[in-house]
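So you can see what is in the structure, the chains are spelled out below.
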Amino acid sequence: MQETPKVVGIDLGTTYSLAAYVRDGRPVVVRDERGIALVPSVISFHEDGTVLVGSAAKARALADPEHTIFSVKRLMGRSLDELRREQELIPHQLVEREVEPGRKVLHVVIGGREHTPEELSAMILKEVRRRAGNPTKAVITVPAYFDDTQRQATRDAGRIAGLDVLRIVNEPTAAALAYGLDQRKQGTVAVYDLGGGTFDCSILSIQNGVFRVLSTHGDTHLGGDDFDRAIMTVVVREMGLDSTKRDPELLQHLRDAAEKTKIILSTLDSADFVLRVPSRGIDYRRTFRRAEFEELIRPWIDRSLDCCREALRDAECSPEQIDEVVLVGGSTRIPYVRQRVAEFFGKPPHTELNPDEVVALGAAIQADILAGGRRDMLLLDVVPLSLGIETFGGAVDKLIHRNSTVPAQATARYSTQFDGQTAIQINIYQGERELAKDCRKLGTFTLSGIPPMPAMMPQVDVTFLVDANGMLTVRAKEQRSGKEASVTVQPSHGLTQEEVERLVLESVEHAHEDFTARRWIELKNKAETDLRYTERALSQVGGELSREQREAVDAAIVAVQRAIQSGDVDTLHQAVAELGKATQPLAMINFNAVARAVLKDQTLEQIDAAKL
Amino acid sequence: MWLRQFVLDVIGRMSQPDYFERLGLPRRFSLDVAEIDRQYLARSRALHPDFHQLGASSEQQASMELTAQLNEAYATLRDPFRRAEYLLQLHGGPPPNASPEMPPEFLEEVLELRMALAEAAEDAERAEIERQLRERRDGMLREIADDFDRLERDGDRSAILLSLRRRLNALKYIQNLLRRS
């Protein structure tokens, strides 16, 4: 039996998921007793309420397609509208409910029950987590081209699965980390990541252990699933089937046979597509030659290379300037893909690491870094799509441009239109198009608590901050009064934090673990860490605080100490949040002092090598 | 409107270190790209949230904000055009809309280049025009560097600032062409 890791990296894939962790400084994937690492991202529901996940669920897919679901990742953070064009791929009914004005939640109907994609992904994550010995902390990977809503949905799924999600990491970046570890690469690297349902191309510069993403481009609707569908389309046409009729059983048989054909064609020159459904009198066989298959998938490969071209352009690189090319994702096993990638970049790509495992390995390394393990590597990633706000006339004013290194921030100034106005509403969008209607609406935020003043007098500085997860937070301050305006962002899609918390509590597993007790311990540890830090920082740079700032810190310390005595989770939560706010100026002063000292004491060369 | 923004910017700057200070670089236009990279990476290693994940919440927040500011400074200073715009602003130079008129012969040149780009059927032809554009851009950046050098010595300050403004506005045309090609 393997030892139980505390933190893991999880690759939550469209077709397969898996975990990895660092053991003795090396990342290893989690395998079951039979040595199998991949967990099919498939869930099967039974009449009696049991839920199967993984290979057991996949095995039931043919017998019970109505109660089996695949490719949940394609649904994450999407709206019904966006999913219309690929609905034929999903043999289940999708419904969207407007849970409150302006916010919609997508549900999948399986056997008369409704599930959100977040809950479904959580079931897969729980299975992966269980196999790893139930760690409580994880890094979860997403396609680099996932937008804010999709990242949020993934993080929520992790929470529902009982995980403290340390970080959302981009899959191609994680892969580069895994490769870089092995070969001590320097230079410019292109990662071509073609998975089951998504495609990414990232260009990175690697220097002294710092992995800096220069650009990323992708398509969240391009992957091996599409190749299966291309084969299915040919067969459906030749058999004269009616593809508009919803027929989960037949669809499942078709998909199964198509996938098998595709896989065989990666090693052999021809493969037989066999469809046998005796109950319906179907006994069909057809030979696909590799050349025919290549012709079928060519449009998708062209599209993926268009993405590579865009990524190169954004990185201001030519293909010749790329030193190494790395292949990631199961679909890169297809010889035609390898051939086209090699031609495009003019060099043979790296395939040393298993393309199914490399993302999880990289995620494990990042998890180790975040947990305080290794310090000789650093990832600097980017935001994949620009973030902006709607202006008059429906245009989008971009505040943070795509490929900006995260964390990234930008500030915009707002004022009021009417005398005495105390609130402003602003719509946030993500995407590259000029008009708001062509971009993804992330949500609406309301600035309130603006002191009443004549129109145009208040100056509200709104700061958009994209954190290292590529996720947005918004903060606002009224400059004339110096007051923090309160900001509430209402997402357009997905779950609120309260809903996620409720799902966490409802989770059966957590009832056993006594969730509240665990939460109290975690919170108390955090409170004690914060108090220790505050004391240390006060003794070092406390003199630089203003009197008001010092008083606020002292009051917050007392409040936290009392809350620890009280034993009440919510009181402590509130007090810790207040302490965080009160000590913000102190942390800034202290941090700058520490950073200056570090930089002064050492030459830059030493710092590069040092473990800070 | 512009004046108000300008005054606010000046006030904002007084309380915050400028981008050059954030990266520990001298406040001048001519900078070695390798040196900018080195300073940036060293500071990233000290400040980045990845290395402060276990710290207090205010420490994590500070780490994230300071890194975001560092990233902003780096993105601005690493790109010569943005660096020049930023430095001109620090010197109190005129804003982009202060000198909207372009010499007609320059506009004609841009128009020709744009048409040539649109008509270029073959990749080789396009690459040749791109090469010309990059050459033009580099030449303009050298002129801008000279202007900033003159600003360091004495000379007619306001005339140099205006000259920089004109050059940067012209450079913007070339940058846009390059981006669209």
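Every chain is numbered on its own, with residues counted from 1 as its sequence reads. Here the convention is simple: chains get letters from A, ligands get numbers from 1, in the order in which they are written. In keeping with the predicted nature of the model, local features appear solely for residues at pLDDT of at least 70, side-chain atom pairs appear and are counted solely at 80 or more, and the whole-chain, interface and lining totals rest on all residues. Values reported for side chains reflect all heavy atoms of the structure, with hydrogen atoms and water molecules removed beforehand.

1. What to know about the nonpolar core
In this structure, L572(A), I144(B) and F148(B) are the most contacted members of the largest nonpolar core, which totals 112 residues. Among the elements that take part in this core, helix α10 (residues 358-370) of chain A stands out by supplying 10 residues, more than any other. Contacts between residues were defined by any pair of non-hydrogen atoms, one from each residue, lying within 4.5 Å. In this view, F148(B) contacts F29(B), A84(B), L87(B), L88(B), H91(B) and L164(B); residues no more than four positions away in its chain are not counted. Note on terminology: a nonpolar core comprises buried Ala, Val, Leu, Ile, Met, Phe, Trp, Tyr and Cys residues joined through side-chain atoms within 4.5 Å. We call a residue buried when its accessible area falls under 20% of the maximum for its residue type, exposed when it is over 50%, and partly exposed in between, using a 1.4 Å probe and counting protein chains only. If you look at the next biggest cluster of nonpolar residues, it comprises 46 residues, including A190(A), C201(A), I334(A) and V341(A). Put simply, DSSP marks the helices as runs of H or I at least four residues long and the strands as runs of E at least two long, and each gets a number from the N terminus on.

2. Here we look at helix α14 (residues 547-566) of chain A
All names here are of chain A. A helix is expected to reach a length of 1.5 Å times the quantity of its residues less one. Taking 1.5 Å of rise per residue, the 20 residues of α14 would be expected to cover 28 Å, and the 29 Å separating its terminal C-alpha atoms lies within 8% of that figure. Regarding α14, the residues found buried are V553, A556, I557, V560, A563 and I564. One side of α14 carries all its buried residues, which in axial view fall inside an arc of 130 degrees. α14 presents R547, E548, R562 and Q565 as exposed residues on the side facing more than 90 degrees away from its buried surface. At the exit of α14 stands G567, carrying a positive phi of roughly 75 degrees. Taken from the helix axis, the directions to the C-beta atoms give the arc we talk about.

3. Considerations on the domain arrangement of chain A
Where interface size is quoted, it is often the accessible area lost as the parts come together. Residues and elements named next belong to chain A. These domain boundaries are the output of an automatic or database domain assignment. According to the domain assignment, chain A consists of domain 1 (7-222 + 299-380), domain 2 (224-297), domain 3 (387-496) and domain 4 (514-598). Averaged C-alpha coordinates put domain 1 and domain 2 at centres separated by 25 Å. Contacts between domain 1 and domain 2 engage 32 residues on the former and 22 residues on the latter. Between domain 1 and domain 2 lies a buried interface of about 2,400 Å² when both sides are counted; carbon and sulfur atoms form 58% of it. What makes a salt bridge here is a side-chain nitrogen of Lys or Arg within 4 Å of a carboxyl oxygen of Asp or Glu, nothing more. Linking domain 1 with domain 2 are 3 salt bridges, by the criterion used here. Between D226 and R74 there is a salt bridge, with the nearest N and O atoms lying 3.6 Å from each other. Accessible surface is computed with a 1.4 Å probe, and the buried area is the amount of it that two parts give up when combined, taken over both parts together.

4. Some remarks on the pattern of salt bridges
In this structure the tally under the stated criterion is 53 salt bridges over all chains. Between E171(A) and K73(A) there is a salt bridge, with its nearest N and O atoms 2.8 Å apart. Pair noted here: E171(A) is in helix α5 (residues 171-183) and K73(A) is in the loop between β7 (68-69) and α2 (80-83), with a separation of 98 residues, a long-range link. Classification of E171(A) as buried rests on a relative accessible area of 5%. With relative accessibility at 9%, the residue K73(A) sits in the buried group. Residue R134(B) pairs with E130(B) through a salt bridge whose shortest N-O separation is 3.9 Å. With a gap of 4 residues between them, R134(B) and E130(B) both fall in helix α7 (residues 123-152), about one helical turn apart. The class for R134(B) is partly exposed, based on a relative accessible area of 34%.

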